[in-house]
Protein chains: 2
Amino acid sequence: MTHPSAIERPAPVAIGASLAEVETPALLVDLDAFDRNLTAMARYAREGGIRLRPHGKTHKCVSVARLQVESGAIGLCCQKPAEAEAFAAGGIKDLLVTNEVVAPAKLRRLARLTAQARIGICVDNRDAVEALKSASAEASGPIDVYLELDVGAARCGVDNAADALRLLDAVSAGDRLRFAGIQAYQGGAQHLRQPAERRAAIDVALRLLAAVFEALKARGVDPGVITGGGTGTFPFETSSGAYDEIQPGSYVFMDRDYGDNLWPQDAPRFEQSLFLLTGVMSRRARWAVVDAGHKTHSIDSGMPVVAGRADLAYDNPSDEHGIIRAADLDALPRLGERLRLVPGHCDPTVNLWDWIIGIRGDRVEAVWPIEARGGSS
Amino acid sequence: MTHPSAIERPAPVAIGASLAEVETPALLVDLDAFDRNLTAMARYAREGGIRLRPHGKTHKCVSVARLQVESGAIGLCCQKPAEAEAFAAGGIKDLLVTNEVVAPAKLRRLARLTAQARIGICVDNRDAVEALKSASAEASGPIDVYLELDVGAARCGVDNAADALRLLDAVSAGDRLRFAGIQAYQGGAQHLRQPAERRAAIDVALRLLAAVFEALKARGVDPGVITGGGTGTFPFETSSGAYDEIQPGSYVFMDRDYGDNLWPQDAPRFEQSLFLLTGVMSRRARWAVVDAGHKTHSIDSGMPVVAGRADLAYDNPSDEHGIIRAADLDALPRLGERLRLVPGHCDPTVNLWDWIIGIRGDRVEAVWPIEARGGSS
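Residues numbered from 1 in each chain as written. Chains lettered and ligands numbered in written order. Predicted model: local features only at pLDDT ≥ 70, side-chain atom pairs only at ≥ 80, totals over all residues.

What follows is about the overall build of chain A. Helix and strand counts for chain A come out as 10 helices and 18 strands. Taking 377 residues into account, the globule formula puts the C-alpha radius of gyration at 21 Å, and chain A, at 22 Å, falls close to it. Taken along the three principal axes of its C-alpha coordinates, chain A extends 70 × 55 × 35 Å. Residue burial in chain A is summarised as follows: out of 377 residues, 56% are buried. Residue pairs in contact within chain A that sit at least 24 positions apart in sequence constitute 68% of those at least 6 positions apart. (Helix = DSSP H or I, 4+ residues; strand = E, 2+ residues; numbered from the N terminus. Rg over C-alpha atoms; globule rule 2.2 N^0.38 Å. Buried ≥ 20, exposed ≤ 12 C-beta atoms within 10 Å, placed from the backbone. Contact = placed C-beta atoms within 7 Å.)

Laid out in structure tokens, this is it:
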């Protein structure tokens, strides 16, 4: 049996179709809300005098990346070489991989990508820097290297100034590597519910940053671009004065988890633009079953909610099903009725889909391929 | 900006490559274990005198479906019209959608598929039967209709004999519909840890089945094919004598959740054949970070474990990362080291990938497209 060298994923619906023609389940973006989110973040960055480098891991979609750049972003963040390749192929000229990459084959792919775009990468280990140096022989120009600090998330990064300096020494010894700045993203702070908690977490991040600035200054080294900040914390990184660039991703779509955050008065608000369109496929006396289960949305950050229907609750998902309950049984949706779910977590939900269906009112206005969807090496 | 009408997903590696050439993260199947699982279930069904209709929702992959049919399965189960279309296009001639489908456009797609394969579908609602009747005008031959019973999972189905009879009346009135049997799958029983608990759950299912048999007999109606049973319970459905057909899916791959089940002495054992290959991308003093997060495996049934390394634990996944901890810090894997994870739940994990990489020893022997991957309408 022979196998193909590629799979084709056809678009699920044609541009111009009505929303009623979209089969469930489907991933929708309300373009009015999406446009307002795009504009609000671009304006915030412009008025706040901070560089905006939105995170492409949220959408993995060239169409969204282009709209972000057209509205003022200086480039995109991504997490994986495969995402960088997709964005570079889509014409994005400035890409920062906000993540460690250590496999030689992947580093060579990133090095070759410098022919198409400015490429930055994070390091937190001297062995990884050595591997990057070897790979950089295939680069068309210098590779921007960012020292990643663990500013509290307890994942990747170095957590003290001495280790940061040792990394800097390793980077400086590579003539195709260019020390470009510091990655200081606090992933663990984004969903602390109270603004004061998030601000306190960023204050902790700032203490490590200050220690590293001090150490670099003692060496006479410019710290370069300080980058970090997600949808939950970017006002605090911005107001700190220590950051040059913010990396929010979820703001274009939002999700139930961000919806549960409380927000400071003076920060821009973002609307839910991402929805999972689902239909009732079975209607029992005390519950309805919808066709949205684990294969359509991710529950790592909790259950979705039903948009505009606070009287309904979604629970007990299985692979292809979810259960809708109502306190008032008369309010349970009927067989065939369609609902919009607000996913618990946008990034891994979008990653389940090949296409984003952009709607304006009741009309399909865009059908965007999610080019970098997948586990992504 | 114009958009393409299809996305291409290229194969991640070539057949004949070495395992070392497979970039992480990647979805692997150990073909030796897979082959033994395939053979063990086929032999069980043959010797037990029960029809085997494996569930394609686990793998969504034509290559696996063909191997199942070649080893004795009478056809495949699936959950979605899109899966049925993929399997029919791949040459599978007998397909049962073990699920409710109510949208007219989807029912018409299923009706048209009767030109390529025998198609069965489940119903639990008279309105859905009426919709199916309308759609059946586009069928090339009769559509097999199965009454779905809710035998304890509290999801779809009817839960009493009177409702089953009313459904039967509706089906019988459609001249292109053929009452074919009863779907009686207890999804909630599969992961009860003790065999006695699972047997007890199937005993409950058998009581409703008996009541329905009685009601049909009083009408002089043959109950047709009784189908159900998953990887956790199929020995109990088989030994009951009430079932004609079993529908196990996970047995080809297995997962951590099934690995946590206890198994009766006389049932066939299945081996873990599905693995997530991951690499250490950051190495801290007290943990290692691997490149397998929510976008590579599903945690709906709990965390993965590290194959062959009971001394390591995977926890705290984020979108692109997971943390590996060790009681003995000297045992923590090194930067760049590769591990195999056993996913918590195979079905939604496979659904995250476009390709299954089949390895035998250290060599890539197969690269199988997952044709029906996705949310699937």
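All names here are of chain A. Here chain A is described as being made up of domain 1 (19-27 + 270-369) and domain 2 (32-253). Using C-alpha coordinates to define each centre, domain 1 is positioned 33 Å away from domain 2. Contacts between domain 1 and domain 2 engage 13 residues on the former and 18 residues on the latter. Secondary-structure elements contributing two or more residues to the side of domain 1 that touches domain 2 are helix H10 (346-350), strand E17 (355-360) and strand E18 (363-369). (Domains from an automatic or database assignment.)

What follows covers the pairing of strand E7 (residues 143-148) of chain A. All names here are of chain A. The buried fraction of E7 is high, at 6 of 6 residues. Alternating positions in E7 separate into two faces, Ile143, Val145 and Leu147 on one and Asp144, Tyr146 and Glu148 on the other, with burial throughout. Where strand E6 (residues 118-123) meets E7, 4 bridges bridge the pair, whose relative direction is parallel. Bridge pairing links Val123 to Leu147 in E7. At this point the chain moves from E6, through helix H5 (residues 126-135), to the parallel E7, and the crossover so formed is right-handed. Summarising the sheet, E7 and strand E8 (residues 177-183) pair through 6 bridges and their orientation is parallel. The residue bridging Ile143 from the neighbouring strand is Leu177, located in E8. Following the chain from E7 across helix H6 (residues 161-172) to the adjacent parallel E8, one finds a crossover that is right-handed. (Pairing = 2+ DSSP bridges. Right-handed = clockwise from strand over helix to strand, strands pointing away.)

Rotating chain B by 180 degrees and moving it 0.0 Å along the rotation axis overlays it on chain A with an RMSD of 0.0 Å. Considering both components of the superposition, the chain copies are consistent with a two-fold axis. The C-alpha atom lying nearest the rotation axis in chain B is that of Glu8 of chain B; the distance is 2.4 Å. When the interface residues of chain B are mapped onto chain A, 100% of them again fall at the interface, so both copies present the same face. (Least-squares fit on C-alpha atoms with pLDDT ≥ 70 in both.)

Across the contact, 62 residues belong to chain B and 62 residues belong to chain A. Of all the secondary-structure elements, those providing two or more residues to the side of chain B that touches chain A are strand E1 (6-10), strand E5 (94-100), helix H4 (104-113), helix H5 (126-135), strand E11 (274-283), helix H10 (346-350) and strand E18 (363-369) of chain B. Broken down by element, the side of chain B that touches chain A gets its largest block of residues, 5 residues, from E1 of chain B. The residue inventory of the side of chain B that touches chain A, partitioned by class, reads 23 nonpolar, 21 polar and 18 charged. (Nonpolar A, V, L, I, M, F, W, Y, C, P; charged D, E, K, R; others polar.)

Glancing now at the environment of Gly374 of chain B. Looking at where Gly374 of chain B falls in the secondary structure, it is placed in the segment after E18. The spacing of Gly374 of chain B and Ser71 of chain B is 303 residues in sequence and 27 Å in space, taken between C-alpha atoms. With residues near it in sequence (within four places) discarded, Gly374 of chain B still touches Trp353 and Asp354 of chain A.

Residue and element names in this part refer to chain A. With parallel pairing, 8 strands are arranged side by side in an open sheet as E3-E10-E9-E8-E7-E6-E5-E4. Lying at the two open borders of the sheet, with one neighbouring strand each, are strand E3 (51-52) and strand E4 (76-78). Summarising the sheet, E4 and strand E5 (residues 94-100) pair through 3 bridges and their orientation is parallel. Residue pairing in the sheet places Leu76 in a bridge with Leu95 of E5. Across the face of the sheet, helix H3 (residues 81-89) comes into contact with E4, E5 and E6 while running at roughly 175 degrees to E5. (Axes fitted to C-alpha atoms, helices over the stretch in contact; angles between N-to-C directions.)

The subject of this paragraph is the sheet that holds strand E6 (residues 118-123) of chain B. By definition, the strands of a sheet pair up through backbone hydrogen bonds, in either a parallel or an antiparallel sense. All names here are of chain B. Strand order in the open sheet made by the 8 strands is E3-E10-E9-E8-E7-E6-E5-E4, with parallel pairing throughout. The open sheet terminates on both sides in strands that have one partner only, identified here as strand E3 (51-52) and strand E4 (76-78). The strands touched by H5 within the sheet are E5, E6, strand E7 (143-148) and strand E8 (177-183), with E6 carrying the most contacts at an inclination of about 155 degrees.

With that settled, consider the pairing of strand E14 (residues 312-315) of chain A. Residues and elements named next belong to chain A. Here E14 shows a clear split, with Leu312 and Tyr314 buried on one side and none of Ala313 and Asp315 buried on the other. Two strands pair when backbone bridges link them, and E14 and strand E15 (residues 322-326) are joined in this way by 4 bridges, in the antiparallel orientation. Its bridge partner lying in E15, Leu312 is registered against Ala326. Here E14 folds back onto E15 in antiparallel fashion, the turn holding 6 residues, of which Asn316 has a positive phi close to 50 degrees.

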